[in-house]
Amino acid sequence: VRDYQTLDGAGIGFARLRENSGLHCSVVGTAGVEAEERAKVLLEWLSSLLAAHPAVGAMIVQALVDVTDGEDALCTDTETTTTAGVSKGVSVWSSARMIPCWSGTHESWWDKTDECNGGTKRLPAWRRRLDAFPPHLESSYLTRQEGRELFRQGLMSTFADRFVIKTGTDPDFYGNVPYSLPDSRLIKSPHSLWGTLPTAHLSIPNESNFTHPLLKLFSDISDDAMMTEQPGDGNSVFLSQRVFIVDTDLRKHEEGEFLTAAMYPHKMTGLNLVSGVGHVDEYGSVGCRYGESMGVTSKEYAKRIVSCSSFMAPTSPVLTLLLLDPYASKNLRSCLQRLFLSLLTDARFKSRFAASLGAVVYRPTSTLFCAGVGTDADTLLGFTVQLFTTGSLVKALGNLDATKGLLCREDRVDERENSCISALPIAYSVARSIHTNILGATKEVSTLVSNAIEEAKEMEDGPQPSNQKSVSSVSINASMSSLSYQFGSEHPLSTRLAAAPDDKFIDSRCMKHKRLPQLLRDLEYIFETPGTAVKLLSSIRSSSSSPPGLTLDASNDAITPAPSFSSPTVSSNSLATYHIPNALDFPSVWARLLRLGQGIDLQKRRISGGHVEFEDERWLGAFGLSLNLSGTGDALSESPFSSISYNMTDGLITLAPTSAKFSNKEAMGNLFAAFFREIKMWLYREGVLDTGNSKRAFRDPGELEALQ
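Residues numbered from 1 in each chain as written. Predicted model: local features only at pLDDT ≥ 70, side-chain atom pairs only at ≥ 80, totals over all residues. Heavy atoms only, no water.

### Some details on the overall build of the chain
Then, number 1: Across its full length, the chain holds 27 helices and five strands.
Then, number 2: The buried share of the chain, taken over its 708 residues, is 46%.
Then, number 3: Counting only contacts in the chain whose residues sit at least 6 apart along the sequence, the fraction spanning at least 24 positions is 78%. (Helix = DSSP H or I, 4+ residues; strand = E, 2+ residues; numbered from the N terminus. Buried < 20%, exposed > 50% of the residue type's maximum accessible area, 1.4 Å probe, protein only. Contact = heavy atoms within 4.5 Å.)

### Remarks on the confidence of the model for the chain
Then, number 1: Looking at the chain as a whole, the pLDDT averages 76, with 72% of positions reaching at least 70.
Then, number 2: Predicted confidence is poor over residues 279-294, with pLDDT under 50, and the contacts of this stretch with residues over four places away or in other chains come to 32 contacts. (pLDDT = per-residue confidence, 0-100.)

### Some points on a nonpolar patch on the surface
Then, number 1: A cluster of nonpolar side chains, contributed by Trp619, Leu620, Phe623 and Leu627, occupies part of the molecular surface with about 410 Å² of accessible area.
Then, number 2: Among the structural elements, Leu620 can be located in helix H24 (residues 618-638).
Then, number 3: On the basis of relative accessible area, Leu620 is assigned to the partly exposed category, the value being 44%. (Patch = residues over 30% accessible without salt bridge, like charges linked within 9 Å, V, L, I, M, F, W, Y side chains within 5 Å. Areas by Shrake-Rupley, 256 points an atom, 1.4 Å probe, with all protein chains shown as cover. Salt bridge = Lys/Arg side-chain N within 4 Å of Asp/Glu carboxyl O.)

### Topic: the nonpolar core
Then, number 1: Ranked by internal contacts, the top residues of the largest apolar core, which has 103 residues, are Phe340, Phe349, Phe353, Val360, Phe388, Ile434 and Phe586.
Then, number 2: The leading source of residues in this core is helix H12 (residues 347-370), at 12 residues.
Then, number 3: With sequence-adjacent residues up to four places away left out, Phe353 is seen in contact with Val318, Leu322, Phe340, Leu344, Phe383 and Leu387.
Then, number 4: Judged by nonpolar contacts, the second largest core, of 17 residues, contains Phe133, Phe151, Tyr174 and Leu239. (Core = buried A, V, L, I, M, F, W, Y, C linked by side-chain atoms within 4.5 Å.)

### Quick notes on the side chain of Thr442
Then, number 1: By secondary structure assignment, the location of Thr442 is in the loop between helix H17 (426-440) and helix H18 (443-461).
Then, number 2: Residue classification places Thr442 among the buried residues on the basis of a relative accessible area of 0%.
Then, number 3: If we skip the residues at most four places from it in the chain, Thr442 touches Ala500, Pro501, Asp502, Lys504 and Phe505.

### A look at the pattern of salt bridges
Then, number 1: Inspection of the entire model under this criterion finds 21 salt bridges.
Then, number 2: For Asp249, the salt bridge is made with Arg251, and the minimal N-O distance between the two is 2.8 Å.
Then, number 3: In this structure Asp249 comes out as buried when scored by relative accessible area, which is 3%.
Then, number 4: For Arg348, the salt bridge identified is with Glu410, shortest N-O distance 2.6 Å. Note that Arg348 is positioned in helix H12 and Glu410 in the loop between helix H15 (400-407) and helix H16 (415-418), a separation of 62 residues in sequence.
Then, number 5: Under the relative-accessibility criterion, Arg348 is labelled partly exposed at 24%.
Then, number 6: Note on Glu410: relative accessible area 39%, which makes it partly exposed.

### Here's the deal with the sheet that holds strand E3 (residues 194-198)
Then, number 1: Strand order in this open sheet of three strands is E3-E4-E5, and the pairing throughout is antiparallel. Each edge of the open sheet is held by one strand with a lone partner, namely E3 and strand E5 (312-314). In this sheet, adjacent strand axes meet at a mean angle of 30° when their direction is disregarded.
Then, number 2: Bridge analysis of E3 against strand E4 (residues 243-247) gives five bridges, and the strand direction is antiparallel. (Pairing = 2+ DSSP bridges. Axes fitted to C-alpha atoms, helices over the stretch in contact; angles between N-to-C directions.)

### Points about the packing of H12 against helix H21 (residues 516-528)
Then, number 1: H21 packs onto H12 with a crossing angle of 150° between their chain directions and a minimal axis gap of 10 Å. Of the possible angle classes, the one that applies to H12 and H21 is roughly antiparallel. Of the residues in H21, those in contact with Tyr362, Ser366, Phe369 and Cys370 of H12 are Leu516, Gln518, Leu519 and Asp522.
Then, number 2: Taken together, the residues of the contact of H12 with H21 sort by class into five nonpolar, two polar and one charged. (Parallel < 35°, antiparallel > 145°, perpendicular 65-115°, else oblique. Nonpolar A, V, L, I, M, F, W, Y, C, P; charged D, E, K, R; others polar.)

### Topic: H17
Given 3.6 residues per turn, any residue in an α-helix points the same way as the ones three and four places further on.
Then, number 1: The end-to-end C-alpha distance of H17, which contains 15 residues, comes to 21 Å, matching closely the 21 Å that a straight helix rising 1.5 Å per residue would cover.
Then, number 2: The element H17 is extensively covered by neighbouring structure, given that 15 of its 15 residues are classed as buried. (Expected span 1.5 Å × (residues − 1).)

Here is the structure:
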């Protein structure tokens, strides 16, 4: 740790740190340290208030879980409808608001006199602002982004002259602004693991236009059709689009070796840079001055990312805090987690906290955790023992409709926004996180990623011969198809991940530092929830139809396709609520995960080479992984029979419900069928990652017949 007094010196020091691959480093400024200290004091103050006055917890919970930015009031009048303009409840704002600063800036207001008193008394401009924006109305207080949008809507309408006279607005107020700051809600992960997108990029149908009481007032006078067709009453305020958290990590693997500050993460295969602070050009971003979203990608590119994303949910303060938790300092993170722990006694907070952590935050947090970010003592994964041992929460996280209910707004139902919310079942999400972290640590995947990065750097360095450039482009495209989900043909819930080509992952840091046991423990908690294991093993794919344009390969079982079954038991935890064509059944996902440990660390007798001076300790990692997988597998196979104890006598077993015994038999049959299919594919070497580095040895017909 070194302290720099100048920006030039800090830049030189940071460049020196970036040269060392595998080193996590960051630049900490004085402003950032002071902001963290203020946040720490505020969190401690909230914790003390919560301990002294339990009733304050309702307001704190409302401030954390509200996804409407204050539109959803805490307390409402049952006889009247609470709206954003005139709220009879308690609205908690998640961002700073004020009366628009451009009101009263017109020079005609500076020397305005009060005509009611004979024109002798001067009326100050600030007093006239209160006539345009009454301070007792919520609609008078706008965020910075909403103020800019109201300014743009008023001056671009047919009643622009009356708008200027009423509000005292200088039309050139934003004309001398050197640059335009983006919306503070458009944030992104420093490692490009997630990003934010407004609703305009999510293809929400029938998106309503912006509205405000001032615009409604002038539109009624001028009969402006665009403004008069707004829903709601005259006090409704809608000047900013909703913002959704979107999964931008479309990789089928999670390599920890290159998850550093040594390069730009979004230049890696499968990572996408969505939203965040945009660049400001030397002319002050004139083209993005009036209302255009800076730092947000195009709508066409956003559609491709959304189609392959594993989660998408509206932003809330608790969701944002959970996503940014791995990047905060230890002192700030500990204060925040203590506040969360004290609020878990509130049923409303616990349910929505579980939905945010389980449906959205789990994958990026586990990715950083396996890459070495954080410790066992202060990671968010420590909360999973509180959440995944609660049966109602586990069942809700396995059903998309229930998950939507815990992530959407609570005051009313908005079908347009609810249609955009997506997530994976919690068991699938945890199993996929384990699989991708193991697969990314293999030697073949690491080599492929390194080659793709070097080829990308060579293409950026300068002009190259046309033939060499085309070869590089072809190899990069091939690596992307092997290591990332493809638009229009693949989805995390319907794509079978590849098996590990080698066992190099035993030497990875996620194995050495025992990061995978934490994830396997979470999966064991889910299996042990009563009824969950039966539903997971019974909810198998009901349709074998593949999406249009899908190219069959070894990872999609081209030679030995999985049979199509229709489960006779209809459960609330089935895959039917996710509406994904040809979704994978969990027995297949679990069998492919177990295949990663097949034949790892094979012991071969050495007959030459001299004395072994240093004993190889790879067997410790392999033995530990096999124990963890065995314990989790035992929980999955034993949980279906927890309701029917086999220690009972024969007479008591016969009294057990027939439906329960039939469901258990069906569940175990599906599990054994998945095991035999995976064994057959292992004999044929199907489903192994085909990266093109080494060609497979083709089997002759006689050998294939012997295997069959």
